[in-house]
Amino acid sequence: MVDFEQPLNLEHEYLLDRDCTTLSRHVLQQLHSFSADAQDLSALMSRIALAGKLIARRLTRAGLVEDALGFTGRTNVQGESVKKMDVFANQVFISVFEQSGLVCRLASEEMEKPYYIPENCPLGRYTLLYDPIDGSSNVDINLNVGSIFSIRRQQGEDQDGMAADLLRHGHDQIAAGYILYGPSTMLVYSIGKGVHAFTLDPSLGEFILSSENIQIPTHGPVYSVNEGNFWQWSEPIRDYIRYVHRHEGYTARYSGALVGDIHRILFQGGVFLYPGTVKKPEGKLRLLYESAPLAYLVEQAGGKASTGTQDIMDVIPDHLHTRTPLILGSREDVELVESFIADRRRQTEEQTVLTSKG
Ligand code: FDP
């Protein structure tokens, strides 16, 4: 029998409320609306979450199922060897959006040209840009990997199928985020209203809100870079690395998977660098489905993303798979790297003037 004299223990209500903050509910709460646009965004995020769950499920059993690990023997448009998991994850994103009426076009690292879902195109005015498996060198050794995504509104009819409307700056993104496949699977996203992290509860099969309004510290101890490339970098990047070697309070962390490294920096501060090299000044990372979505997230969290001389969000790609150098993380740390680049540039200019004067 209920004892009405006893004060109610409401702790379980709080827990229940927390367990109920699913991704789709969170999107609608953020937009304070049930408008068609809000419903679209909520449905888009739910489909991305479904892709994340399907990929996470395959990754957790990858060592046990046939044909999950290893290379396909093919190379992609970037000239990189394609892994079986890359192909699987790429197809998962396509499949979850088929017959959704949401996404007309998908563009990814694994496909030379955008992929059209014609039956969605009369209604679906959105394009999904994504890197299905980021950090794929980690797949075969059971270390963390991720998926990166970005959503843009389709501009115009794209009659020739060349997707010229995608060759625009990162401010056009209406949502972006990543899924981290680590000890737990996490989805981190922004729709331009802060950055929020969800953890997959496998018993519910749902992403549940775990951190809201994440703010990246203005400075952090971590610098995350492949130092094996030291002798291929330009002098200012080497100057910066020499600086952190000679000053107390810095520590190196580099996992080989961008999403994992950025996730650490988002929560604990620091800077991630994938600079250009003397031979490849454009660097390795792709703007539209790697650098721009992560820049959008980090800026929403109060951080900064730069090529070293320009904000990543302002860069306009000249083709779908354009690459950029990437320096991203805590505002002060990114600005410090930029200052090394600006100093060298100034010195070189002064030197040129002096030499020309004789
Ligand atoms: P990967 O090629 O394994 O997919 O996206 C490219 C990426 O991984 C990033 O995830 C990672 O940070 C970087 O490349 C690793 O490149 P290096 O091996 O050259 O350091």
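Residues numbered from 1 in each chain as written. Predicted model: local features only at pLDDT ≥ 70, side-chain atom pairs only at ≥ 80, totals over all residues. Heavy atoms only, no water.

### Some points on empty space enclosed by the protein
Then comes step 1: Under the counting rule described, the total for this entry stands at 1 cavity of 30 Å³ or more.
Then comes step 2: Here the largest cavity defines a volume of roughly 40 Å³.
Then comes step 3: In this structure, the largest cavity is lined by Arg152, Arg153, Gln155, Asp165, Leu166, Arg168 and Asp172.
Then comes step 4: Tallied by class, the residues present in the lining of the largest cavity amount to 1 nonpolar, 1 polar and 5 charged. (1 Å grid on protein atoms, 1.4 Å probe; cavity = no way out; pocket = protein on both sides within 12 Å on 5 of 7 lines; lining within 4 Å. Points joined across faces, edges and corners; volume = space filled by probe spheres on them. Nonpolar A, V, L, I, M, F, W, Y, C, P; charged D, E, K, R; others polar.)

### Points about the sheet that holds strand β5 (residues 126–134)
Then comes step 1: Strand order in this open sheet of 8 strands is β4-β3-β5-β6-β7-β8-β9-β10, and the pairing throughout is mixed. The sheet is open, and its two borders are formed by β4 (115–116) and β10 (206–211), each paired with just one other strand.
Then comes step 2: The sheet contact formed by strand β7 (residues 173–181) and strand β8 (residues 185–190) spans 6 bridges and is antiparallel. If you follow tyrosine 181 over to β8, its bridge partner there is threonine 185. (Pairing = 2+ DSSP bridges. Helix = DSSP H or I, 4+ residues; strand = E, 2+ residues; numbered from the N terminus.)

### Quick notes on the packing of helix α5 (residues 235–246) against helix α8 (residues 331–357)
Then comes step 1: Across the interface, α5 lies against α8 with an axial gap of 8 Å and an inter-helix angle of 130°. Here α5 lies oblique to α8, going by the angle between them. Helix-helix and strand crossings are classified by hand; for α5 and α8 the assignment is right-handed. Touching Glu235, Pro236, Ile237, Asp239, Tyr240 and Tyr243 of α5 are Leu336, Val337, Phe340, Ile341 and Arg344, all from α8. (Axes fitted to C-alpha atoms, helices over the stretch in contact; angles between N-to-C directions. Parallel < 35°, antiparallel > 145°, perpendicular 65-115°, else oblique. Left-handed = near helix turned anticlockwise from the far one by under 90°. Contact = heavy atoms within 4.5 Å.)

### Points about the sheet that holds strand β11 (residues 222–224)
Then comes step 1: Pairing in this open sheet of 5 strands is mixed, and the strands run β12-β11-β13-β15-β14 from one edge to the other. Strands at the two margins of the open sheet, each flanked by one partner only, are β12 (251–252) and β14 (304–306).
Then comes step 2: Direction of pairing for β14 relative to strand β15 (residues 326–329): antiparallel, over a ladder of 3 bridges. Directly across from lysine 304, in β15, lies its bridge partner glycine 329.
Then comes step 3: The strands touched by α5 are β11 and β13 (270–274); relative to β11, the strand with the most contacts, the crossing angle is about 145°.

### Thoughts on the pattern of salt bridges
Then comes step 1: The final tally for this structure, using the stated rule, is 16 salt bridges.
Then comes step 2: The shortest N-O distance in the salt bridge between arginine 153 and aspartate 37 comes to 3.7 Å. In this pair, arginine 153 sits in strand β6 (residues 145–153) while aspartate 37 sits in helix α3 (residues 36–60), placing the two residues 116 residues apart along the sequence.
Then comes step 3: Via salt bridges that share partners, Glu235, Arg238, Asp239, Arg242 and Arg344 belong to a single interconnected network. (Salt bridge = Lys/Arg side-chain N within 4 Å of Asp/Glu carboxyl O.)

### Re the environment of tyrosine 240
Then comes step 1: Tracing the sequence through the fold places tyrosine 240 in helix α5.
Then comes step 2: Taking the relative accessible area as the measure of exposure, tyrosine 240 reaches 0% and is therefore buried.
Then comes step 3: The spacing of tyrosine 240 and tyrosine 130 is 110 residues in sequence and 31 Å in space, taken between C-alpha atoms.
Then comes step 4: Ignoring anything within four residues of it in the chain, the contact list for tyrosine 240 reads Tyr223, Tyr250, Val271, Leu273, Leu336, Val337 and Phe340. (Buried < 20%, exposed > 50% of the residue type's maximum accessible area, 1.4 Å probe, protein only.)

### Considering the state of the cysteines
Then comes step 1: In total, this model carries 1 disulfide according to the counting rule given.
Then comes step 2: One disulfide bridge connects cysteine 104 with cysteine 121, the sulfur atoms lying 2.2 Å from each other. Residues cysteine 104 and cysteine 121 are joined through a disulfide that is right-handed, its torsion about the S-S bond being 85°. Linking cysteine 104 in strand β3 (residues 103–108) with cysteine 121 in the loop between β4 and β5, this pair joins segments that are 17 residues apart in sequence. (Disulfide = S-S within 2.5 Å.)

### Some points on α5
Along an α-helix, a turn takes 3.6 residues, which lines up residues three or four apart on a common side.
Then comes step 1: Between the first and last C-alpha of α5 there are 16 Å, a value that for 12 residues agrees with the 16 Å anticipated at 1.5 Å per step.
Then comes step 2: Here α5 has its buried residues at Pro236, Ile237, Arg238, Asp239, Tyr240, Ile241 and Val244.
Then comes step 3: Buried positions along α5 lie against β11, β13 and α8. (Expected span 1.5 Å × (residues − 1).)

### Section: the side chain of asparagine 90
Then comes step 1: Tracing the chain through its elements places asparagine 90 in helix α4 (residues 84–97).
Then comes step 2: When near neighbours in sequence (up to four residues on either side) are disregarded, asparagine 90 contacts Ser108, Glu110, Met111, Tyr130 and Pro132.

### Quick word on the nonpolar core
Considering soluble globular proteins, one finds that nonpolar side chains tend to be buried as a cluster.
Then comes step 1: Membership of the largest hydrophobic core comes to 44 residues, with the highest contact counts inside it found for Ile48, Phe97, Leu106, Leu128, Phe149, Leu187 and Tyr189.
Then comes step 2: In contact with leucine 106, other than residues within four places in its own chain, are Phe93, Ile94, Phe97, Met111, Pro114, Tyr115, Ile117, Leu128 and Tyr130.
Then comes step 3: Among the nonpolar cores identified, the runner-up in size contains 33 residues, and Ile148, Met186, Leu258 and Phe272 belong to it. (Core = buried A, V, L, I, M, F, W, Y, C linked by side-chain atoms within 4.5 Å.)

Shape is all these values report; function is a separate question.
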